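Structural description and commentary
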Amino acid sequence: MSNIQFESVQCRLLKNISFSIEQGESVALMGPSGSGKSTLLKVAAGLLAYKGRAQIGGASIDKLPRHKAGIGYLSQDLHLFPHLNVENNIRLALLFGMGRKISCSDRIAQSLALARATHLAKLKPAELSGGERQRAALARTIARQPNLLLLDEPFSSLDAVNKKDLWFELKQLQTAHCMTMIVVSHDIEEASFLADRILYLRGGELTVEQASRYRNSANEIQSLAVSQPSNYYI
Ligand SMILES: Nc1ncnc2c1ncn2[C@@H]1O[C@H](COP(=O)(O)OP(=O)(O)OP(=O)(O)O)[C@@H](O)[C@H]1O
């Protein structure tokens, strides 16, 4: 996948939003409640009609179903099927995304491990806590190994310890697979940890852009994660 470009995007309150993201780059969207962060993510996920253009590597994706463009989206609502256990939620997503029967057991196991959710595999969503549901849904999203990962406040229900562990896992996954990522967050520490660049929205407009504190500093991130007590499970 090449760079991703949004040009003059208008949707609901969003006014002429333009920005581009390089392949493998991670961008955080921040801004006050109601500023349009989730709306912008839904536009990127192809869930809302919009004016303007979205392109990957110069080719329009405006009319392309986003799973065919290698885009994975995790909404705040999670959308886990209540009658399926976690493993089968992931299996279903893989079968739908790949459009054919694939051997998905390895992928399921790997994504569950990355999201620290292996022990949840046989449980149904109603049997999980809010944070466990987030981890299950994250596992389902990364199982499809998307090229562009869109995450809307993915760790909001997690306690500080589990949250920091998952930041580290996600950052490792994203850099190892050169995955492009847009993450909505209200937490400057999370945004700085996960993203190379932070875009601020206010009233549907992009107002400020700043380099993340840890941009291009994998070593610093690693030492930060290692120094956190979060690496020890409680
Ligand atoms: N389905 C909808 N139809 C019309 N307007 C909507 C709809 N969903 C959200 N909005 C409005 O769009 C605006 C932006 O909402 P959005 O969810 O993008 O904000 P946000 O920055 O993600 O907020 P938060 O940080 O609280 O999640 C809000 O004023 C909201 O009321």
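Each remark here, short or long, concerns the structure printed above.
This report concerns the structure included in the present document. Position labels on residues start from 1 in each chain and follow its written sequence. Predicted model: local features are reported for residues with pLDDT of at least 70 only, side-chain atom pairs are reported and counted for 80 or more only, and whole-chain, interface and lining totals are derived from all residues. Based on all heavy atoms of the structure, the side-chain values leave hydrogens and waters out of the count.

Two strands are counted as paired when DSSP detects at least two bridges linking them. Secondary structure elements follow DSSP: runs of H or I of four or more residues count as helices, runs of E of two or more count as strands, with numbering from the N terminus. In space, the 4 strands of this open sheet follow the order β2-β1-β4-β5, with antiparallel pairing throughout. One side of each edge strand has no neighbouring strand; the edge strands of this open sheet are β2 (14-21) and β5 (59-60). In the sheet, strand β1 (residues 4-11) pairs with β2 via 5 bridges, with the strands oriented antiparallel. Looking across to β2, one finds that Q5 is bridged to S20. Those strands touched by helix α1 (residues 37-44) are β1 and β2, and its axis lies near 60° from that of β2. Every residue pair with non-hydrogen atoms within 4.5 Å of one another is taken to be in contact. Here an axis means a line fitted to C-alpha atoms, over the contact stretch when the element is a helix, while the angle between two N-to-C directions is reported on a 0 to 180 degree scale.

A word on the sheet that holds strand β9 (residues 197-202). Pairing is mixed in the open sheet, where 6 strands are placed in the order β6-β7-β8-β3-β9-β10. In the strand order of this sheet, the two ends are held by β6 (71-74) and β10 (205-211), each with one partner. Pairs of neighbouring strands in the sheet enclose a mean axial angle of 15°, with direction left out of account. Relative to β10, β9 is paired through 6 bridges, and the arrangement is antiparallel. Bridge pairing in β10 places R197 opposite A211. Against the sheet, α1 touches β3 (26-30), β6, β7 (148-152), β8 (180-184) and β9, its axis set at about 150° to β7. Of the strands in this sheet, β6 and β7 touch helix α4 (residues 130-143), which is tilted by about 175° from β6.

Only Phe, Tyr and Trp rings take part, Trp by its six-membered ring, and two of them pair if their centres are within 6.5 Å. Stacked means planes under 30 degrees apart, edge-to-face means over 60, and tilted covers everything else. The full count for this structure, using the stated rule, is 2 aromatic pairs. An angle of 35° between the planes, with centres 5.5 Å apart, marks the rings of W167 and F193 as tilted. Of this pair, W167 sits in helix α5 (residues 160-176) while F193 sits in helix α6 (residues 188-194), and the two are 26 residues apart along the sequence. Three labels apply to residues, based on accessible area from a 1.4 Å probe with only protein chains included: buried if under 20% of the type maximum, exposed if over 50%, partly exposed otherwise in between. Since its relative accessible area comes to 2%, W167 is described here as buried. The class of F193 is buried, set by a relative accessible area of 3%.

Here we take up the layout of surface pockets. Using a probe with the size of a water molecule, rolled over the atoms, empty space left in the structure can be pinpointed. For the largest pocket, the calculated volume is near 700 Å³. Lining of the largest pocket is provided by 24 residues; of these, L47, Y73, H79, R140 and R144 occupy positions nearest its centre. Residues are grouped as follows: Ala, Val, Leu, Ile, Met, Phe, Trp, Tyr, Cys and Pro are nonpolar; Asp, Glu, Lys and Arg are charged; all remaining types, including Gly, are polar. Of the residues contributing to the lining of the largest pocket, the split by class is 10 nonpolar, 8 polar and 6 charged. Any residue with an atom within 4 Å of a point lines the site, the site being either a cavity, points on a 1 Å grid over the protein atoms alone where a 1.4 Å probe fits but cannot get out, or a pocket, an open set with protein on both sides within 12 Å along at least 5 of 7 lines. Grid points are joined across faces, edges and corners, and a volume is the space filled by probe spheres set on the points.

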